[in-house]
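# Residue-level structural notes
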Amino acid sequence: MKNIVVANLKMNILSVLEREVYLKGLDKELIGKKFSDTEIVICPPFIHLEGLGKWKNKKISRGALDVFWEDKGSFTGEISPVMLKNFGCEYVVLGHSERRRFLRENDQDVNLKIIAALRNGISPVLCVGEDANQKNEGAGVIIKQLKNCLAGIKNGQIENVVICYEPVWAISSNNPDHLPTTNDVMSARLIIKKFLVGEYGLRVSEKIRIIYGGSVAPNNAKEICVDSGMKGALVGKESLTPRSFIKIVEIING
Ligand code: 13P
């Protein structure tokens, strides 16, 4: 099972020109590099998906940052999983804390979106994690989110879900005190793993990738993502700088 490093470009890259510069930067950083153990995924705002599809670089897969739970119809402003599939998306980030916070998305919404993505052959990257006020009840929060968001997802489907432990308090942090330790991340990984083993059995759980997100940078990727036994990372800010992002990929690839 390969590692996976996912770029969450959030609401950045504001023009076609900016996108071209960004993609050229990635091309440059990737010259002569091969990451046989790691899949790289770029998730831009929807509007850039077509442009990324025309990009010659085939070392990188594409993903989206949201999806609606119906395939087609009168749902003004929403994006269908069929559209994502037709535009070459293989992944979609779901359950991100920023959508929970600013758009009031809840676990039930996320569950419907996961079902819709899987129905259309798109792999969800499901984000779970406690916020600063829930630090003392971290395990309970993570398990509740997993239970709710994965309701009805069966063996045969769950292997296509990537679970990302993303403690909300560690997102976009410039403060080293707001970063989890290797042990914190390892504990969260074990909580998630135990849940998956309980729900899907050991053999299936071994096929599910568990990754880490929250202020991942070249100077902490080894400690937080590799030493903790995670299978990759979901990268926000540092994914906007091609050099930093590919450095993180290198570290995770080992
Ligand atoms: P930062 O890497 O900027 O903390 O963002 C993390 C994140 O939200 C990825 O989904």
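First things first, this report covers the structure right here in the doc.

### Overview of the overall build of the protein chain
If you tally the helices and strands in the protein chain, you get 10 helices and 8 strands. Computed over C-alpha atoms, the radius of gyration of the protein chain comes to 17 Å, within 12% of the 18 Å expected from 2.2 N^0.38 for 254 residues, which places it in the range of a compact globule. For the C-alpha atoms alone, the extent of the protein chain along its principal axes is close to 45 × 45 × 35 Å. Sorting the 254 residues of the protein chain into buried and exposed places 53% on the buried side. Intrachain contacts of the protein chain at a sequence separation of at least 6 include 72% that bridge at least 24 residues. For the protein chain, the computed accessible surface area is about 12,300 Å², with 53% contributed by carbon and sulfur atoms. Charge-centre separation for the protein chain: the mean point of 35 positive side chains lies 5 Å from the mean point of 29 negative side chains.

### Points about the site of the ligand
Around the ligand sit N8, K10, H96, E166, I171, S172, G214, S215, L234, G236 and K237, and that is every residue in its neighbourhood. Separating an oxygen atom of the ligand from a side-chain N or O atom of K10 is a distance of 2.8 Å. In this structure, an oxygen atom belonging to the ligand sits 2.5 Å away from a main-chain N or O atom of S172. When isolated, the ligand has an accessible area of 310 Å², and the protein chains bury 98% of it. Its residues placed into classes, the shell around the ligand shows 2 nonpolar, 6 polar and 3 charged.

### A short note on the sheet that holds strand 4 (residues 89-94)
One closed barrel accounts for 8 strands, arranged 1-2-3-4-5-6-7-8; its pairing is parallel. Direction aside, neighbouring strands of the sheet carry axes that sit 30° apart on average. Inspection of the sheet shows strand 3 (residues 60-64) paired to strand 4 by 3 bridges, in the parallel sense. Its bridge partner lying in strand 4, A64 is registered against V92. Running at roughly 145° to strand 7 (residues 210-213), helix 7 (residues 182-200) makes contact with strand 5 (123-128), strand 6 (162-165) and strand 7 of the sheet.

### Concerning the packing of helix 6 (residues 138-149) against helix 7
Remark: helix 6 packs on helix 7, axes separated minimally by 10 Å, with the N-to-C direction vectors making an angle of 40°. Between helix 6 and helix 7, the angle falls in the class oblique. The way helix 6 lies across helix 7 gives a crossing that is right-handed. Between helix 6 and helix 7, the contacting residues are A139, I142, I143, L146 and K147 on the first element and A188, I191, I192 and F195 on the second. When its residues are assigned to classes, the contact of helix 6 with helix 7 shows 8 nonpolar, no polar and 1 charged.

### Quick look at helix 6
An ideal rise of 1.5 Å per residue puts 16 Å on 12 residues; helix 6 measures up with 16 Å between its terminal C-alpha atoms. Taken as a whole, helix 6 has its buried residues at G138, V141, I142, Q145, L146 and C149. Projected down its long axis, helix 6 shows its buried positions confined to an angular sector of 125°, all on one face. Looking at the buried positions of helix 6, the neighbouring elements they touch are helix 4 (97-102), helix 5 (107-119), strand 5, strand 6 and helix 7.

### Describing the nonpolar core
Counting residues in hydrophobic clusters, the biggest one holds 61 residues, and the most contacted among them are L126, L150, I163 and F245. Broken down by element, this core gets its largest block of residues, 6 residues, from helix 7. Contact partners of F245, with chain neighbours within four places excluded, come to V5, V6, A7, L26, I40, V41, I42, V235, E238 and S239. Counting residues in hydrophobic clusters, the runner-up holds 13 residues, among them V41, C127, V162 and I211.

### Describing unusual backbone geometry
Of note, the phi angle at K10 is positive, near 50°, even though the residue is not glycine. Examined against the element boundaries, K10 turns out to sit in the loop between strand 1 (3-8) and helix 1 (16-30). For I13, which is not glycine, the phi torsion reads 70° and is therefore positive. Inspection of the secondary structure assignment puts I13 in the loop between strand 1 and helix 1. A residue is classified by how much of its surface remains accessible, and I13, at 9% relative accessible area, is buried.

Calculation criteria
Residues numbered from 1 in each chain as written. Predicted model: local features only at pLDDT ≥ 70, side-chain atom pairs only at ≥ 80, totals over all residues. Heavy atoms only, no water. Helix = DSSP H or I, 4+ residues; strand = E, 2+ residues; numbered from the N terminus. Rg over C-alpha atoms; globule rule 2.2 N^0.38 Å. Buried < 20%, exposed > 50% of the residue type's maximum accessible area, 1.4 Å probe, protein only. Contact = heavy atoms within 4.5 Å. Areas by Shrake-Rupley, 256 points an atom, 1.4 Å probe, with all protein chains shown as cover. Lys, Arg positive; Asp, Glu negative; His and termini not counted. Charge placed at Lys NZ, Arg CZ, Asp CG, Glu CD. Near = heavy atom within 4 Å. Polar contact = N/O pair within 3.5 Å; in protein donor to acceptor, adjacent residues only side chain to side chain. Nonpolar A, V, L, I, M, F, W, Y, C, P; charged D, E, K, R; others polar. Pairing = 2+ DSSP bridges. Axes fitted to C-alpha atoms, helices over the stretch in contact; angles between N-to-C directions. Parallel < 35°, antiparallel > 145°, perpendicular 65-115°, else oblique. Left-handed = near helix turned anticlockwise from the far one by under 90°. Expected span 1.5 Å × (residues − 1). Arc of directions from axis to C-beta. Core = buried A, V, L, I, M, F, W, Y, C linked by side-chain atoms within 4.5 Å.

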